[in-house]
Amino acid sequence: MFESLIGLVAIIALFVIISRQQSRIGLIERELGALRSLVLSGAHVAPPQPKPVEQAANDSKPAGAAVAAVTDIAPPSAGEAEGKPSTEVEAGETASGPWAAGEAAPAGSAPAQPAAATAKAAQKPDIETALGTRWAVWVGGIALALGGLFLIRYTIEAGIFGPGVRLSMAAMLGLVLVAVGEFIRRTGFRVPVQGVAGAYIPAILTAAGAFILFGTVYAAHGVYGFIGPALAFTLLGAIGVATIAAALVHGQALAGIGLLGAVVTPMLVASQAPNPWALFGYLAIVLAATSVIARLRDWKLLMAAAFVGTGLWTVLYMTDAPGANLPVILFINAVTLAVLAFVWLGRRGGEAEPAGGFDWPSIAPGFFVGLSAMALFVDPAYAASDALPGAALITALVAVALYRPLALALLHAAGLATVLVYLGIIPPTSIASDLSGGLGIDGLTAAISDTLMLRIGIALGLVFIGAGFWAARRFAASAHIRAASWAAWGVIAPLVILLALWFTFGNLDRDLAYAAVAALLVVVFAAGAEWIARGEEPPLQGAAAVSFALGGAAVAALLMVYMAFGSGWTTILLGAAAIVPALATRWRAYPVLGWISVGAVIAVLGRVAFDPTIVGAEFLSTTPVFNWLLPGYGVPALAFGFAAWQLARTTNGRPRLAMEAGAALFALLTVAILVRHAMHDGVIDTGSATLAEQAIYTLIALGAGAILVAIDMRSPSSVLRYGSLAAGVVSFAFIIVQHFLALNPLFTDESTGRIPVFNLLFLAYLLPAVAAGGLALYSRDKRPKWYAAMLALVAALLAFVYATLSVRRLFKGEFIGLWSGLGQLETYTYSALWLIIGVALLTAGVWLKSQVLRIASAALISVAVLKVFLFDMSELEGVLRALSFIGLGAVLIGIGLFYQRLLTRAAKSEPG
C-alpha cells in the first residue's frame, strides 16, 4: 500500500511538472520561430548569451515539494577538475567524458558546420528532450532516495539479513551514490542541451546519497540502538555539514538539504542528560559553516534559513527547558550577531561599504535576538535577578547595525524591543491592566520596577541618542531612508523610556525632575536636528531625518509641559507653543516646522476634549467671562492666529491653512464656552442647551461667517473661504433643527419672558433673522449664489416665525404652547399678518433685486390664501370671516396692480 501511494505521488508530481513546462516550451518555440525568420531574411543575429546555471535551475523548479529540493543545483565548469566551480554552461560545447560520441577535435580545427549544428540542437528543446533529460533525472533522483529506504524496509519485512547487514547495505548505497555523483562531475560532465542545467545529475545523486545516509544513521540510533546518542549526533552533524560544503560545487539546493538535516539532527537524537553547551556549540558550528558557504556564493535564502533555524532552537530552549542556562543563551545570540557582522556581511578585500541597500536575511537574527532580549527582561527566571543581559543584547543589536549599515533590521529590532519592554506590552501573551501594579503578564509584573530598570533605561536612552544621531548625520547625504530610521529611533526610544519611567517612578501630578530631563531632551533633539541638517547635501534641506529629530523635540516639549505644570497652564502653554516653530521658519525653511505648529493645535484639541473646563469642574470659577476659560481657549486662538500669519510670510503651504482653521475654531469655541458658562451659572457640562443659549451659538456662527468673509477678502485663503461657507451651513442647520423644531417654544412651552419686546423671541428669531439677512447681503458678490440665497431664505423664515410667535404671545402671554388652543381673533390676525409680511417681502425683493425674497413672498401669500379658503371659512364667523376675505382680495388685487406697473415700466424702458 505504501509503495502504491509513493508511485501515485510520483506520477502526480510528473504530471504537474509536464503541465508547468508546456507554456514555457510554447514560448521558446515562438522565439525560435522569430529567430528562424530573421536568419532566413539574412539579418544578423547575435549569438545567444550563456545563461547562469543557477538561474536556469531556478527557472525550471517543479511544483512538488520533494522535487523542489534538488532543482537549484549548479553544474560545474571545465575547470572543476582543478577545484574551481562553474557558473555557466556553454551552449555550443559538446559532451565529453565517457558519454562523448568520439574524441573532441583539436582546438581550431573543428569545422564550422558541425559546430553550428550542435548549437542549433542545443537551442531546440522539445517535449522529448525535456522528458528524457530533465524530468527523468528529477524523478530518478527521488526514486533513488526512496529506493534506499524501501530496500531497508523490505529486508526488515522479509528477514533476509540482520539489522547490521541491512544498515551496512543502506550506508553503502548512500556512499556509492555520492561517489558516482563525484565521479561523473570529475570526468567532465557537460549538458549540451539548453534548459537542462537544472537537472544536474551529479548534484541529484549526491542529494539522494545524503538523504539515505541521514536515514541510515538515524535508524542505527533510534530504531536499533546500535550507536549511542553522542556518536549519532556527531555522524548526523558531520553528514549535514559535509552536504552543505558539497554545495560549493553542486548548488544552493544541496546546501538547503544539508542545512535541514543539520538543524533537525538534535531532534532526532534524544539524550537522557541533554547538554545545552553541546547543542548550541553544534548549532554555532553549523551556522558558521553555512555562513561561509553562503557568503562565497551570495546565497541569501540559505543564510536566512540558517539564522531562522538557530533562532528557533534558541526560542525553543528558552521556553521549554527548565532552568535555562543564561550563559548559553548569551553565547548563541553573540555567535549569531558575530556571524552576521564578520562573516555574512564581512567585506571582501578592496570592497567598499555600500552607500545604500538593505540586507533582508538580517531580519531573522534581528527578530530572534530581539525576542531573546525581551525574554531576558520580562521572564522572572532572568529578570528577577538581573536585567542587564537583556540590555546588553539590545546594545549589541545597535552596535552591529551601526557597524554594518546593511543590517538596518537590527536597529528596528532593538528599538521595538526597548519600546515593548518599557511599555510592558509583550506579545503574544495576554496583557491585563492592574491599577496597583501597572501592566502585567498573567498576573506577573511586565517590567521590574526597581532602580536597576531606571539606570538601564537611562543607559539605553543614551545609546539610542548617541548612535541614532551620529548615524543619521553619517548617512544624511547618501542614504536618506537609513538616516531617517536612525534619527527616528534616536528620539522614539528615549521618549518612550522617559514616559514609562515617569509613570513608574515619577509624580504624575507634577514632577520637576522629569520635566528637567524632558527639557534637556528638547535641547538635545533640536541641536541634533541642526547638526544632521548641516550634513545633508545640499545642507539645511530638512529631510526626513531632520523632521524626526525636530518632531521628537516637539514631543519632548509636550511632555515637559505636562510634567511641570498644572492642567490650566498646560493648556495655555501648549497653545502658545505653536508660535515657536512658526517663528523658527524665519531662519530655517524646514517643512516639518509648520506641521509641528499643527501638532500643537491637535494637542490642545485633545486636552480640551479631555477636560473642557481647563482646570477641572471643581476649580472653575463661576465669575462670568473672567475665569480660566478665557485664557484656556483665548490664548490658543491668538497663538494659532499669529502662527498662521507668520507661516503665510515664510513657508506657507498647508500648515498655514491648518493654523488658520485652528485659530477660527478656537475663536468660536472661546465665545461659545463663555456664553454657556455664563448662562448655566458657572457649570458648562450640565444638561442640554436652552433656546436662548442656542440663539447665542447661532449668532456666533453667523458672526464668524461674516468675519471669515471679511478676512478672506483682505487675505485670500481657501481655509477662510470654505470656513465661511461651513459657518453659514452650520447656522442654517442650527436654525432649522433647533430654532424651528427642537427648541421652538410653541412645542416646548418654554417661558418667552415677561418683557413685551426684548424677550426670548427677540433673541432667538428676530436677531438671527437680521444677522442672516445681513450676511446674505454682504456675501452676495463674494460667495456662491446658493450661499446668499440660502441665508436670505432662512432670514425670511426667521422673520415670519418671529412675527407669528409674537402674535401668539400677544394673545397667550408668557407661555405660548400649541395645546392652549386658538381664538377666532387670533386666527384672523395670522391671516392679516402673513399677507402683510408677504407684501413686505415682495417690496424688499423688488428693491434688493432678490429673486429669493420674491419667491418667498409668493409662497407666503399662497399659504395665506390656502388658510383663508380652507381654515378661516370654517372656523371664523360673522364679521371676521368677511374681513378675512376682503383683506385677502384687496391684497391680491394690489399685488396684481403692482406687478402690472412693474412690467409696463420695464416695457417702456426697453429700446424700440
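Note that the structure is a prediction, hence the values are computed from the model and not measured. (Residues numbered from 1 in each chain as written. Predicted model: local features only at pLDDT ≥ 70, side-chain atom pairs only at ≥ 80, totals over all residues. Heavy atoms only, no water.)

**Re the overall build of the protein**
And step 1. From N to C terminus, the protein includes 33 helices and 3 strands.
And step 2. Accessible area of the protein: about 44000 Å², with a carbon and sulfur share of 70%. (Helix = DSSP H or I, 4+ residues; strand = E, 2+ residues; numbered from the N terminus. Areas by Shrake-Rupley, 256 points an atom, 1.4 Å probe, with all protein chains shown as cover.)

**Observations regarding helix 15 (residues 388-403)**
And step 1. For helix 15, spanning 16 residues, the distance from its first C-alpha to its last is 22 Å, which sits close to the expected 22 Å at 1.5 Å a residue.
And step 2. Those residues of helix 15 that are buried are in contact with helix 12 (326-344), helix 13 (363-378), helix 16 (408-423), helix 17 (451-475) and helix 18 (480-505). (Expected span 1.5 Å × (residues − 1). Contact = heavy atoms within 4.5 Å.)

**Quick notes on unusual backbone geometry**
Excluding glycine, a negative phi dihedral is what most residues carry, and trans is how most peptide bonds are arranged.
And step 1. Glu537 connects to Pro538 through a cis peptide bond whose omega is -5°.
And step 2. Here Asp749, not a glycine, exhibits a phi torsion of approximately 60°, which is positive.
And step 3. Within the fold, Asp749 resides in the loop between helix 28 (745-748) and helix 29 (760-778).

**Describing the packing of aromatic side chains**
And step 1. On inspection of all chains with the given rule, the structure shows 12 aromatic pairs.
And step 2. Each ring, one from Phe280 and one from Tyr317, has its centre 5.3 Å from the other, and the planes form 75°; the classification is edge-to-face. Taken as a pair, Phe280 in helix 10 (residues 276-297) and Tyr317 in helix 11 (residues 300-320) lie far apart in primary sequence, 37 residues in all.
And step 3. Residue class for Phe280 comes out buried when judged on its relative accessible area of 0%.
And step 4. Seen from their ring centres, Phe342 and Tyr403 are 5.8 Å apart, and the 50° between their planes marks the pair as tilted. Placement of the pair is Phe342 in helix 12 and Tyr403 in helix 15, with a sequence separation of 61 residues.
And step 5. When its relative accessible area of 56% is taken as the criterion, Phe342 is described as exposed. (Phe/Tyr/Trp six-rings, centres within 6.5 Å; stacked < 30°, edge-to-face > 60°. Buried < 20%, exposed > 50% of the residue type's maximum accessible area, 1.4 Å probe, protein only.)

**What to know about the side chain of Glu693**
And step 1. Tracing the backbone shows Glu693 in helix 26 (residues 691-714).
And step 2. A relative accessible area of 0% places Glu693 in the buried class.
And step 3. Within the local environment of Glu693, its side chain forms a polar contact with the side chain of Tyr697, the two groups lying 2.2 Å apart.
And step 4. Ignoring any residue separated from it by four or fewer positions in sequence, one finds Glu693 in contact with Arg676, Met679 and His680. (Polar contact = N/O pair within 3.5 Å; in protein donor to acceptor, adjacent residues only side chain to side chain.)

**A closer look at the side chain of His739**
And step 1. Tracing the chain through its elements places His739 in helix 27 (residues 718-742).
And step 2. You can call His739 buried: its relative accessible area is 0%.
And step 3. A distance of 2.8 Å separates a polar atom in the side chain of His739 from the backbone oxygen of Ala764.
And step 4. In contact with His739, not counting residues within four places along its chain, are Leu691, Gln694, Ala695, Thr698, Phe734, Asn744, Ala764, Tyr765 and Pro768.

**Notes on the confidence of the model for the protein**
And step 1. Mean pLDDT over the protein stands at 75; residues scoring 70 or higher make up 67%.
And step 2. In this model residues 1-19 is a low-confidence stretch, pLDDT under 50, and it forms 14 contacts with partners more than four residues away in sequence or in other chains.
And step 3. Between residues 191-199, whose pLDDT stays under 50, and residues either more than four places distant or in other chains, the model counts 29 contacts. (pLDDT = per-residue confidence, 0-100.)

**Things to note about the pattern of salt bridges**
Between side chains of opposite charge, pairing is possible as soon as their charged atoms come close.
And step 1. This model, assessed by the stated rule, comprises 6 salt bridges.
And step 2. Residues Arg534 and Glu530 are paired through a salt bridge, measuring 3.1 Å at the closest nitrogen-oxygen approach. One end of the pair is Arg534 and the other is Glu530, both in helix 19 (residues 512-534) and 4 residues apart, which spans about a single turn.
And step 3. For Asp712, the salt bridge identified is with Arg783, shortest N-O distance 3.1 Å. Note that Asp712 is positioned in helix 26 and Arg783 in the loop between helix 29 and helix 30 (785-812), a separation of 71 residues in sequence.
And step 4. Residue classification places Asp712 among the buried residues on the basis of a relative accessible area of 7%.
And step 5. Ionic contacts of the salt-bridge type, sharing partners, join the residues Glu530, Arg534 and Arg588 into one network. (Salt bridge = Lys/Arg side-chain N within 4 Å of Asp/Glu carboxyl O.)

**Some words on the nonpolar core**
And step 1. Counting 107 residues, the largest nonpolar core has Phe377, Tyr422, Trp486 and Phe525 as its most contacted members.
And step 2. Here this core takes 13 residues from helix 18, the largest share from any one element.
And step 3. Membership of the second largest hydrophobic core comes to 29 residues, among which are Ala695, Leu725, Ala776 and Leu791. (Core = buried A, V, L, I, M, F, W, Y, C linked by side-chain atoms within 4.5 Å.)

**Some remarks on the environment of Leu720**
And step 1. Summarising the element assignment, Leu720 is placed in helix 27.
And step 2. Residue classification places Leu720 among the buried positions, given a relative accessible area of 7%.
And step 3. Sequence separation between Leu720 and Ala661 is 59 residues, and the spatial gap between their C-alpha atoms is 7.4 Å.

**Some thoughts on the packing of helix 19 against helix 20 (residues 544-564)**
And step 1. Axis separation between helix 19 and helix 20 bottoms out at 8 Å; the angle between their running directions is 165°. Put simply, helix 19 runs roughly antiparallel to helix 20. Our pair here, helix 19 against helix 20, has a crossing hand that is left-handed. Only Ala545, Val546, Ala549, Leu550, Gly552, Ala553, Ala556, Ala557, Leu559, Met560, Met563 and Ala564 of helix 20 make contact with helix 19, whose side of the interface consists of Leu512, Tyr514, Ala515, Ala518, Ala519, Leu521, Val522, Phe525, Ala526, Ala529, Ile532 and Ala533.
And step 2. The class makeup of the residues in the contact of helix 19 with helix 20 is 23 nonpolar, 1 polar and no charged. (Axes fitted to C-alpha atoms, helices over the stretch in contact; angles between N-to-C directions. Parallel < 35°, antiparallel > 145°, perpendicular 65-115°, else oblique. Left-handed = near helix turned anticlockwise from the far one by under 90°. Nonpolar A, V, L, I, M, F, W, Y, C, P; charged D, E, K, R; others polar.)

**What to know about the environment of Leu540**
And step 1. Locating Leu540 in the fold gives a position in the loop between helix 19 and helix 20.
And step 2. Spatially, the C-alpha atom of Leu540 lies 7.8 Å from that of Tyr590, the residues being 50 residues apart in sequence.
And step 3. Filtering out sequence-adjacent residues up to four positions away, Leu540 remains in contact with Glu530, Ala533, Arg534, Arg588 and Tyr590.

**Focus: the packing of helix 11 against helix 13**
And step 1. Orientation of helix 11 relative to helix 13, taken along the N-to-C sense of each, is 15°, at an axis distance of 8 Å. Comparing their axes, helix 13 and helix 11 come out roughly parallel. Crossing of helix 11 over helix 13 shows left-handed handedness. Together, Ala304, Phe307, Val308, Gly311, Leu312, Thr314, Val315 and Met318 of helix 11 and Ala364, Pro365, Phe368, Leu371, Ser372, Ala375 and Leu376 of helix 13 make up the contact between the two elements.
And step 2. For the contact of helix 11 with helix 13, a count of residues per class yields 12 nonpolar, 3 polar and no charged.

**Some points on empty space enclosed by the protein**
And step 1. Scanning the model with the defined rule gives 3 cavities of 30 Å³ or more in all.
And step 2. Taken as a whole, the largest cavity spans an internal volume of roughly 70 Å³.
And step 3. In this structure, the largest cavity is lined by Phe307, Thr310, Gly311, Thr314, Ile332, Asn333, Thr336, Pro365, Phe368, Val369 and Ser372.
And step 4. Those elements that provide at least two residues to the lining of the largest cavity are helix 11, helix 12 and helix 13. (1 Å grid on protein atoms, 1.4 Å probe; cavity = no way out; pocket = protein on both sides within 12 Å on 5 of 7 lines; lining within 4 Å. Points joined across faces, edges and corners; volume = space filled by probe spheres on them.)

**Notes on the environment of Thr216**
And step 1. As for its placement among the helices and strands, Thr216 is situated in helix 7 (residues 201-223).
And step 2. Assessed through its relative accessible area of 6%, Thr216 is described here as buried.
And step 3. Taking the C-alpha atoms as reference, Thr216 lies 9.9 Å from Met172; in sequence the two are 44 residues apart.

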